[in-house]
Amino acid sequence: MATPTLGLFTGAMQFSLVSTKTQAKAPFSLGFAFKRGDIPAGSTVGSSLSALQVTPRTTWPDGSLKFAQIAGFADLTANSLLTVRLRRIAASAGSAAVLTVADLKKTGITAEVGAGGLGTASFGAADWDAPQATWVSGAQMSSWVFRKPVGSDAHLVAWLEVRLFAGGAVEILPWIENGYLMVAGPTSKAATYTFKINGTQRFSAAIDLPHHCRTALINGTALSYWLGTDPDVTPRHDLAYLQATEQVPTYSARVDANGAVAQWLVTSYTPLDKANFTYASDSMAATGYQEPIGLLPMHDALYLTCESSNTYAAVVRNGFAAGRYPLFYRDEKTQRPIRFSQYPNLVLHKDSRVSDLGSSTRSQFTPQPTGTQSPRWDCAHSPSVGYMAYLVTGRWYFMEQVQFAATLNYLSKADEPNMRRGSQGLVQSCFGGWQTRSAAWQWRTLTQALNVTPDDDTVLRQEFINCVQSNIEDFHAVYVAQPNNPYGWIQPGEPYENIMQFGAVWQQDFVTAAFGYSLSMGLPVPAAVETKHAAFFRWKARSAVMRLGPSTGFWYVNAAVYTMSISPVAVPDFKTGKGPWYPNDAAVYLASYASLPAWFGAVEGKLAGEIMPGDRAAWGNLTTAMAYAVRHGVDGAATAYQRLISASNYPALRDAFNSAPVWSVAPARVIPSWLASKPLNTWFEIPGTAGAGGAAVDAYSGFALNDRTSEIIIAAAGGHTDSYDNRVVSIGLASDTPTWKVRLAASKSYAQNVAHYTDGMPSSRHLYSTAHFIPQINRLMLFGARGVYGASWDFAKVDAFNLDTNTWDKAGTWADMPSGYYGAAQIRATGEVISTGLKKWSPVDKKWTDLVSNPVGDTARWPMAYDARRNQVFCLQWGDGQGFDPQRMVASRVPLGSGQQIAVTFNASSALTQWQNEKPSYAAMDYDPDGDRFLFYSGQGEAAGRIYVVTPNDSNVWDMSLLNGGNLKIAPTPDNGSGLQNRMRYVPALRGFVLLPRGSANLYFLRTA
């Protein structure tokens, strides 16, 4: 299976399908999240398939498509990944006839759910005429939800989610539910449960179903049942794109598919089993690190960070397993999750299997439950349930599960003003009554419920909107609209030492992360409310940012404290904001560390903590909060984050996340102060960035870009007679004030015409486009040495620089590359490198393979770039890319996996004529995923500032135009004619292009999104 796109890249609007069987027209269905603006209002989705059904569910505030159910048919080869590319197309007025329940009845299907002596629920014939809900209506697939009471039981209900595909294939997900809101006598229901399709038994198991629980009637490896043969099609999302939508967090971890945490995922489902909800002693209230806690639980985070064939099924199975918790208080009047406005004072009965239950000011409680007890739900440690499963499947079952979790948290909290405040459903913490972390996870679940509720479900959607709005208004009124503490602390709910003076700072981090996440989600609230949402988050994020300060304030090396104090009194006044509060960060630091712990740090640049590296402790909580502070451009966040990730032992923390990815949340984008408020598509200079760190970059040299940190790196530039200086320098663009630094000084002794100097370090050389940072192995790699110091000799050597230790790997560590080839481009998501002459190097097996078996005859040199949307490499050059023969345009594309190099031509345009007249050499080109285009730049002489835009499509005839990048005069490339090489690169986290025209000039930047 192909390596996924992971981490901080933008990805492509696509998904893949794989099956264990070779089959024609295999039916499939999945959920798909879209980035804001990719499918604007009035547009729809096209694909590389002949037909694709897209059922919109939700939209972004700007009206663009946010989430949809996708269905269709595909021809599949066994165990071979088929990638389906999506694109924006104009909406069509025509519509095909949709599949109806009449078509379902024509299949002759019957279904039966049995519950032993409790009774049976049978579905067939006329039963199909009256679905509880129509979920999808389409020509490729329609889906309905059916329900029936089991026998005469007042609580037990059989449910079916039925999908009908064109051609007659039928898929059924059956489940049994024991959960009504106010029906008297809720108790457990023990029986041998069965499920049949057309009289054939598909499931049988003895289950003792506790009150207010449910379970899918599945046992084993199946995820559903089919009338006929299961096509066994597994979807796989473009993981970078899914994270770029920001409907899920962005994770930096890369998890080994063969590692212990990946092997830990369940491979089958058993009703009511805990699956991967692995709390200590199977108790959700267990203290300490627990895998399910976080913005997403471990098993869901693994889908986004691990290339394993089991991650999709594990997400679904854990979605089923969440039914073991008593979440399901279905309103028997509506057969839906409750509406808050209808139950302003209702609270769960004290015998319910939920921790920290509150009271009702009007003594309104749900009926007393009895019978076999389920595991207890505890909001303070609660996981996200069903959310990821819904995003990847689009199933109604999981959408409702998220809603049920949100309504359970509402019902478990007291209705008094200091708690939920009646139907407003406030998530606010309450000292001694509702912990700070409870507020965080309740908010996460509430906003996830709003995010999955379809736009056309106007009743429940409005209930969630009202609740979310009430919370934003309340938090804003208390902490922003009136003066309050300057440290971003909401009132703690946990009674450490029985006083409010000390609070758990890591629980504050949970709240910061949850509100940063919800702000990224793009909630459907009025614009004025969203403005308050953002303002509250900026205030709240201060609690994380202030702890990563200099030694004169709250010293960042000791940021991972367990409890902190921001007030000198036992009971500070948070509600009116009067406190009193300590006067500054330094005073908070001294009060918090009045008694020094054994682990206290005293070394600048080295993080300290009770548990280090900290992936399972407070550092992980803080980095997640900081990820959103950086993402949303909170004042000082970029600088504070740079202190964190620049620490000498931060790499140990970063690498530890690869076995605990839940806390590896990274900024989906970075907005340092130099970038804030800059307009789109307009070049500007980044002040103070001239000099290239003293590296001889003007000598036919490019640079590498570390996408993890948005850092430019220049290593061993120079060569020939230009320079023998092989220093390594870098500049971090994520900083508020980017500054060049020397990572490794130049060798003290030099030699000519050698691949390595006497100290073993690589000789200086013309880098051209040979330098690439490979995140999978955390190395800056030099693929081939061309034009080394002296008489410009060439070598096939590969060298690697370790950014963690600022040292070169020993010469000879890495195998030579094929003679005569040099690194040219990179597939950023996989770390694979494409060479001149179109060979491909993999960081997995460290080997080179032929990318093309059928070339068109054009030599592929510089520049070239990777198009993630179409999974292809594009080469564009004049002659050989250096201005020599052939004296013509050379353009081709290489769809990965095709083995083909295909010539590309261009429609006539003034830009094309200009390009041909200019004959640009030593140019740079990179792909812009925001605009689905390539930017090409040479910048020599009169061409300074002239950016060519190459617009690809699915044919072999493309378009070329000129970019209007504003009126800024850009410095020309070096006078010696050495050109630009690859010194114009797209920076994913900054959403734009950085340009270094010459060493003496400042960096330039073009914001594209």
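Cut-off values and rules
Residues numbered from 1 in each chain as written. Predicted model: local features only at pLDDT ≥ 70, side-chain atom pairs only at ≥ 80, totals over all residues. Heavy atoms only, no water. Phe/Tyr/Trp six-rings, centres within 6.5 Å; stacked < 30°, edge-to-face > 60°. Lys NZ or Arg CZ within 6 Å of the ring centre and 35° of its normal. Buried < 20%, exposed > 50% of the residue type's maximum accessible area, 1.4 Å probe, protein only. Helix = DSSP H or I, 4+ residues; strand = E, 2+ residues; numbered from the N terminus. Arc of directions from axis to C-beta. Contact = heavy atoms within 4.5 Å. Pairing = 2+ DSSP bridges. Axes fitted to C-alpha atoms, helices over the stretch in contact; angles between N-to-C directions. Salt bridge = Lys/Arg side-chain N within 4 Å of Asp/Glu carboxyl O. pLDDT = per-residue confidence, 0-100. Core = buried A, V, L, I, M, F, W, Y, C linked by side-chain atoms within 4.5 Å. Parallel < 35°, antiparallel > 145°, perpendicular 65-115°, else oblique. Left-handed = near helix turned anticlockwise from the far one by under 90°. Nonpolar A, V, L, I, M, F, W, Y, C, P; charged D, E, K, R; others polar.

1. Topic: the packing of aromatic side chains
And then number 1: Following the criterion strictly, the structure yields 65 aromatic pairs and no others.
And then number 2: Members of the aromatic cluster, connected to one another through ring pairs, are Trp159, Trp175, Tyr269, Phe320, Trp396, Tyr397 and Phe398.
And then number 3: Directly above the ring of tyrosine 397 sits arginine 214, whose terminal nitrogen or CZ lies 3.9 Å from the centroid.

2. Some points on helix H17 (residues 910–918)
And then number 1: Listed in full, the buried residues belonging to H17 are Ala911, Leu912 and Trp915. Summarising the axial view, the buried residues of H17 lie within an arc of 100 degrees, below the 170-degree limit, and thus occupy one face. Residues Ser910 and Asn917 are exposed on H17 and point more than 90 degrees away from its buried face.
And then number 2: At its buried positions, H17 is contacted by strand S38 (872–878), strand S39 (889–895), strand S41 (905–906), strand S43 (933–937), strand S44 (947–951) and strand S45 (957–962).

3. What to know about the sheet that holds strand S13 (residues 189–197)
And then number 1: The four strands are arranged S8-S7-S13-S14 in an open sheet whose pairing can be described as antiparallel. Two strands bound the open sheet, and with one partner strand each, they are strand S8 (120–123) and strand S14 (200–209). Strand after strand, the sheet turns through a mean of 10 degrees between neighbouring axes, direction not considered.
And then number 2: Across nine bridges, S13 lies against S14 in antiparallel orientation. Looking across to S14, one finds that alanine 190 is bridged to aspartate 208.

4. Describing helix H15 (residues 637–645)
And then number 1: The buried fraction of H15 amounts to seven of the nine residues, a majority that puts the element mostly inside the structure.
And then number 2: Every buried residue belonging to H15 is among Ala637, Ala638, Ala640, Tyr641, Gln642, Leu644 and Ile645, and all of these are buried.

5. Notes on the pattern of salt bridges
And then number 1: A full pass over the atoms with the stated rule returns 44 salt bridges.
And then number 2: The closest approach of N and O atoms between arginine 616 and aspartate 615, which form a salt bridge, is 3.7 Å.
And then number 3: Since its relative accessible area comes to 38%, arginine 616 is described here as partly exposed.
And then number 4: Given a relative accessible area of 10%, aspartate 615 falls into the buried group.
And then number 5: Notably, a salt bridge pairs aspartate 725 with arginine 727, separated by 3.0 Å at the nearest N-O pair.
And then number 6: Relative accessible area serves as the criterion here: at 22%, arginine 727 is assigned to the partly exposed category.
And then number 7: Each member of the salt-bridge network shares a partner with another, and the members are Arg85, Asp867, Arg869, Arg870, Asp932 and Asp954.

6. Considerations on the side chain of serine 710
And then number 1: In this structure, serine 710 sits in the loop between strand S25 (704–706) and strand S26 (711–715).
And then number 2: In this structure, serine 710 is in contact with Leu705, Ile731, Gly732, Leu733, Ala734, Val987, Ala989 and Leu990, ignoring residues within four places of it in sequence.

7. A few points about the confidence of the model for the chain
And then number 1: Across the chain, the average pLDDT comes to 95, with 99% of residues at or above 70.
And then number 2: Below pLDDT 50 for its whole length, residues 1–7 participates in 27 contacts with residues either more than four positions away or in separate chains.

8. A short note on the sheet that holds strand S29 (residues 771–774)
And then number 1: The four strands lie next to each other as S29-S30-S31-S32, forming an open sheet whose pairing is antiparallel. Since the sheet does not close on itself, it has two edges, and those belong to S29 and strand S32 (807–808), each with one partner.
And then number 2: Across four bridges, the pairing between S29 and strand S30 (residues 779–785) is antiparallel. Among the inter-strand pairings, isoleucine 774 is bridged to a residue of S30, identified as arginine 779.

9. Some words on the nonpolar core
And then number 1: Core analysis: the largest hydrophobic core is formed by 238 residues, its most contacted members being Leu160, Tyr193, Phe195, Met626, Ile712 and Ile714.
And then number 2: With eleven residues, helix H7 (residues 396–412) is the single largest residue contributor to this core.
And then number 3: Excluding anything up to four places from it in sequence, isoleucine 714 contacts Ala692, Ala695, Val697, Gly702, Phe703, Arg727, Val728, Val729, Trp740, Leu767 and Leu996.
And then number 4: One finds Phe15, Phe32, Leu49 and Ala74 within the second-largest nonpolar core, a separate group that totals 21 residues.

10. Some thoughts on the environment of valine 630
And then number 1: One can find valine 630 in helix H14 (residues 618–631).
And then number 2: Sequence separation of valine 630 and valine 525 is 105 residues, and the distance between their C-alpha atoms is 23 Å.
And then number 3: Residues within four places of valine 630 in sequence aside, it is in contact with Ala637, Ala638, Tyr641, Pro667, Arg669, Val670 and Ile671.

11. Section: the pairing of strand S15 (residues 213–216)
And then number 1: Neither face of S15 is open: one carries Cys213 and Thr215, the other Arg214 and Ala216, and all of them are buried.
And then number 2: Direction of pairing for strand S12 (residues 170–178) relative to S15: antiparallel, over a ladder of four bridges. Following the sheet pairing, asparagine 178 is matched in S15 by cysteine 213.

12. Considerations on the packing of helix H8 (residues 436–452) against helix H9 (residues 458–479)
And then number 1: The geometry of H8 relative to H9 is characterised by a closest axis approach of 9 Å and an angle of 140 degrees between their N-to-C directions. By the angle between their directions, the pair H8 and H9 is classed as oblique. Crossing of H8 over H9 shows left-handed handedness. Together, Trp443, Leu446, Thr447, Ala449 and Leu450 of H8 and Arg461, Phe464, Ile465, Cys467, Val468, Asn471 and Ile472 of H9 make up the contact between the two elements.
And then number 2: A breakdown of the residues in the contact of H8 with H9 according to their chemical character gives nine nonpolar, two polar and one charged.

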